[in-house]
Amino acid sequence: MTKRWGMFGLSTTGRLVTDFVHPPYCAACGVRTDRSDSPFLCEDCQAEFRPTATHWCERCGAPCGPYQDTSNGCVHCRNDRFAFGSARSLGVYDGRLRQACRLGKEESGAALLAGLATLLVEVQAEWFAAGEWTAVVPVPRHWTRRWWTRHDPALVPARHVAERLGVRLRADRLVKVKRTPSQTSLSTTERRRNLSGAFEVRGGRALVGGSVLLVDDVLTTGTTTHRCSRALLAAGVSRVDVAVLARGVGL
Ligand SMILES: [Zn+2]
Ligand SMILES: [Zn+2]
């Protein structure tokens, strides 16, 4: 039996199965990859998405200077009030990362989002290692949007971050109960009003007393993640931190 497996090579068999699930092509540029490092992105694309910054605002996850004290926030978030404790991103929502996040919203964007999420955990390894989360929760969409498409740009990275960290994914506890227009065209005040009472925790006993890592694709003003965090804290969660693929600043 061992010999028969040996003829094909167990790794080859394993690879055939993996190839079927994740074809061995870079999700960003389409080049064939050997997947030794990441199952989704080629080495060149990984290098391109890797941030040049080495320091990050403790509160909002924006890149900042090495000697900047961000315990009270940075230039991008000093006037904002956030219910979450800290945030991290892969980088600024700009250039190729912005393009990738936009493509990631499309139906075919799951592998790309998975690749970015894998890279996020690697790039922010220290921050992720220090977290003591008991659950990973994606920023939810209203059920009417789930009707249109099964693809969910917050759930995909949340699932991959949860897998990488070995923390349980709880995608069904935080729900969006109010259908709201897109935040992008609204002012900060309108955004707050728009999302007031939009999120609720259901059957949240599993989350009570625990600490949650909230995941979304992009954090811009932080209103959505703030509202989600408030709902989670009100339901008995002790702390919320936020991980996003990109941090939109100056938008
Ligand atoms: Zn590539
Ligand atoms: Zn900040």
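See above for the structure.
This structure is a prediction, so every number in the text was calculated from the model and none was measured.

Draft legend 1. Looking closely at the overall build of the protein chain. Summing up its helical and strand segments, the protein chain has ten helices and nine strands in all. Burial status across the protein chain gives 45% buried among its 251 residues. Pairs at least 24 apart in sequence give 68% of the contacts found in the protein chain among residues at least 6 apart. About 13700 Å² of surface is accessible on the protein chain, with carbon and sulfur atoms providing 51% of the total.

Draft legend 2. View of the coordination of the zinc ion (ligand 2). Within the protein, the atoms that donate to the zinc ion (ligand 2) are Cys57 (SG), Cys60 (SG), Cys74 (SG) and Cys77 (SG), at distances of 2.3 Å. Every donor counted, the four donor atoms about the zinc ion (ligand 2) form angles of 105 to 115° at the centre, which fits tetrahedral coordination. Considered as a linear motif, the donors of the zinc ion (ligand 2) on their single chain read C-x2-C-x13-C-x2-C. Pair noted here: Cys57 is in the loop between strand E1 (55–56) and strand E2 (63–64) and Cys74 is in the loop between E2 and strand E3 (87–88), with a separation of 17 residues, a long-range link. Here Cys57 and Cys74 have matching classes, each one buried.

Draft legend 3. Region of interest: the pattern of salt bridges. Under the defined criterion, the tally for this structure stands at eight salt bridges. Taking the shortest distance from any N to any O, the salt bridge between Asp152 and Arg141 comes out at 3.5 Å. Of this pair, Asp152 sits in the loop between helix H7 (143–148) and helix H8 (155–165) while Arg141 is found in the loop between strand E5 (135–138) and H7, placing the two residues eleven residues apart along the sequence. Arg141 carries the same exposure label as Asp152, and that label is buried. Note that Arg173 is salt-bridged to Asp172, the shortest N-O span being 3.4 Å.

Draft legend 4. Representation of the coordination of the zinc ion (ligand 1) within the structure. The protein atoms that coordinate the zinc ion (ligand 1) are Cys26 (SG), Cys29 (SG), Cys42 (SG) and Cys45 (SG), at distances of 2.3 Å. One chain supplies every donor for the zinc ion (ligand 1), spaced along it as C-x2-C-x12-C-x2-C. Note that Cys29 is positioned in the loop between helix H2 (10–21) and helix H3 (43–49) and Cys45 in helix H3, a separation of 16 residues in sequence. Note on Cys29: relative accessible area 43%, which makes it partly exposed.

Draft legend 5. Fine view of a nonpolar patch on the surface. On the surface, a nonpolar cluster with roughly 540 Å² of combined accessible area is contributed by Trp143, Trp147 and Trp148. For Trp148, the position within the fold is in helix H7.

Draft legend 6. The arrangement of the packing of aromatic side chains in detail. For the structure shown, the criterion picks out four aromatic pairs. When the ring of Trp127 is compared with that of Trp133, the centres are 5.2 Å apart and the planes differ by 50°; the resulting orientation is tilted.

Draft legend 7. Seen up close, helix H4 (residues 95–104). Turning to H4, its buried residues number three or more, namely Leu97, Ala100, Cys101 and Gly104. Across the axial projection of H4, the buried residues extend over an arc of 100°, all falling on one side. Tucked into the core, H4 has its buried residues touching H3, strand E4 (91–92), helix H5 (110–123), strand E8 (211–219) and strand E9 (239–247).

Draft legend 8. How the structure looks around the environment of Ala206. Structurally, Ala206 can be placed in the loop between strand E7 (199–201) and E8. Sequence separation of Ala206 and Gly236 is 30 residues, and the distance between their C-alpha atoms is 9.9 Å. Other than its neighbours up to four places away in sequence, Ala206 contacts Arg170 and Arg173.

Criteria and cut-off values
By convention here, each chain's residues receive numbers from 1 onward along its written sequence. The lettering of chains begins at A and the numbering of ligands begins at 1, in the order of writing. Given that the model is predicted, a residue must reach a pLDDT of at least 70 before its local features are reported, and side-chain atom pairs must reach 80 or more before they are shown or counted; all residues, however, enter totals for whole chains, interfaces and linings. In computing side-chain properties, one takes all heavy atoms of the structure into account and sets aside hydrogens as well as water. The secondary structure listing takes helices from DSSP runs of H or I that are at least 4 residues long and strands from runs of E that are at least 2 residues long, numbered from the N terminus. Per-residue accessibility, obtained with a 1.4 Å probe over protein chains only, is compared with the maximum for each type, and a residue is labelled buried under 20%, exposed over 50%, and partly exposed between these values. Contacts between residues were defined by any pair of non-hydrogen atoms, one from each residue, lying within 4.5 Å. The Shrake-Rupley method, run with a 1.4 Å probe sphere, supplies the accessible areas, and residue values consider only the shown protein chains as cover. Excluding water, the donors of a metal are its N, O and S neighbours within 2.8 Å, or within 3.2 Å for Na, K and Ca, and that exclusion means sites may look incomplete. Irregular is the default label, applied whenever a site is not tetrahedral (four donors, all angles between 85 and 135 degrees) and neither square planar nor octahedral (four or six donors, opposite donors over 155 degrees apart, all other angles between 65 and 115). By definition, a salt bridge exists where a carboxyl oxygen of Asp or Glu is found within 4 Å of a side-chain nitrogen of Lys or Arg. Note on patches: the residues involved have over 30% relative accessible area and no salt bridge, like charges join within 9 Å, and the nonpolar side chains Val, Leu, Ile, Met, Phe, Trp and Tyr join within 5 Å. Ring pairs are drawn from Phe, Tyr and Trp, using the six-membered ring of Trp, whenever the two centres fall within 6.5 Å, and their geometry is named by plane angle: stacked under 30 degrees, edge-to-face over 60, tilted for the rest. Of all possible arcs, the one meant is that of the directions from the helix axis to the C-beta atoms.

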